[in-house]
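A look at the structure
Here are the chains, one letter per residue:
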Amino acid sequence: LGRDEKVLTQLQNIAFAQNWGFCPNTVEEIKARVRFNTCDPEGIILIEHQDRTSAYNWTLRTGNNRGSTGTVSMTGVHPDYRGRRLGAAVVVAGMSYLIDKGVKGIELEVDADNAPAMGLYRKLGFNIFDAAVWHEKKFNV
């Protein structure tokens with residue numbers, strides 16, 4: 001924690017800067033989320049290349065009477081590192097972490113317009129369970 005929270009915040013903000021509806025996070029917001037009871041800081045996987053953090057996978061775990069479920073909360077790749085299969089590598093690392101913790105299944109949400117992510121998750125064996133439609137109206141203020 002500490003330095004990693006700042007690095008994670010910066011990477012998340014740059015990785016999702018061009019995504020519809022993304023609102024940049026502050027270090028304080030990320031620090032608070034890392035401390036949720038469903039989050040284990042060891043379940044936030046960072047990939048580095050030459051002392052530069054290039055990708056991350058943030059996992060969570062929840063439990064109920066049917067067992068433990070893992071969630072891929074966020075996966076991001078720095079724009080300078082896209083196209084190098086880091087997304088696949090970091091998601092597989094996150095999945096491995098969750099499986100080692102005994103989850104019975106893994107869930108995630110992805111923007112249906114994010115074709116690279118949709119393709120990656122299909123290749124990794126994820127099936128579409130449900131879909132949501134988001135609406136937006138912009139105002140010229």
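Just above sits the structure.
Residues numbered from 1 in each chain as written. Predicted model: local features only at pLDDT ≥ 70, side-chain atom pairs only at ≥ 80, totals over all residues. Heavy atoms only, no water.

**Quick word on unusual backbone geometry**
- In this model, Gln50 sits at a positive phi of 50°, which is unusual for a non-glycine residue.
- When you line up the elements, Gln50 lands in the loop between strand S1 (44-49) and strand S2 (52-64).
- Here the phi dihedral of Asp51 falls at roughly 65°; this positive angle occurs in a residue that is not glycine.
- Looking at the element boundaries, Asp51 is found in the loop between S1 and S2. (Helix = DSSP H or I, 4+ residues; strand = E, 2+ residues; numbered from the N terminus.)

**Overview of the packing of aromatic side chains**
- The full count for this structure, using the stated rule, is 2 aromatic pairs.
- Centroid distance Phe16 to Phe22: 5.7 Å. Interplanar angle 35°. Geometry classified as tilted.
- Classification of Phe16 as buried rests on a relative accessible area of 15%.
- Among the residues examined, Phe22 registers a relative accessible area of 23% and is labelled partly exposed.
- Ring centres 5.8 Å apart and planes at 75° place the aromatic pair Tyr121 and Phe126 in the edge-to-face group. (Phe/Tyr/Trp six-rings, centres within 6.5 Å; stacked < 30°, edge-to-face > 60°. Buried < 20%, exposed > 50% of the residue type's maximum accessible area, 1.4 Å probe, protein only.)

**Examining helix H1 (residues 3-15)**
- Here H1 is 13 residues long and its end C-alpha atoms lie 18 Å apart, about the 18 Å a rise of 1.5 Å per residue gives.
- Taken together, the buried positions of H1 are Glu5, Val7, Leu8, Thr9, Leu11, Gln12, Asn13 and Ala15. (Expected span 1.5 Å × (residues − 1).)

**Quick look at the pairing of strand S4 (residues 105-108)**
- When strand S3 (residues 67-77) meets S4, the two strands line up parallel, connected through 4 bridges. Across the sheet, the residue bridging to Val72 is Leu108, located in S4.
- One crossover worth recording links S3 to the parallel S4 by way of helix H3 (residues 86-100), and it is right-handed. (Pairing = 2+ DSSP bridges. Right-handed = clockwise from strand over helix to strand, strands pointing away.)

**Details of the side chain of Thr69**
- Relative to the elements of secondary structure, Thr69 occurs in strand S3.
- Residue classification places Thr69 among the buried positions, given a relative accessible area of 18%.
- If we skip the residues at most four places from it in the chain, Thr69 touches Leu60, Arg61, Thr62, Val103, Gly105 and Glu107. (Contact = heavy atoms within 4.5 Å.)

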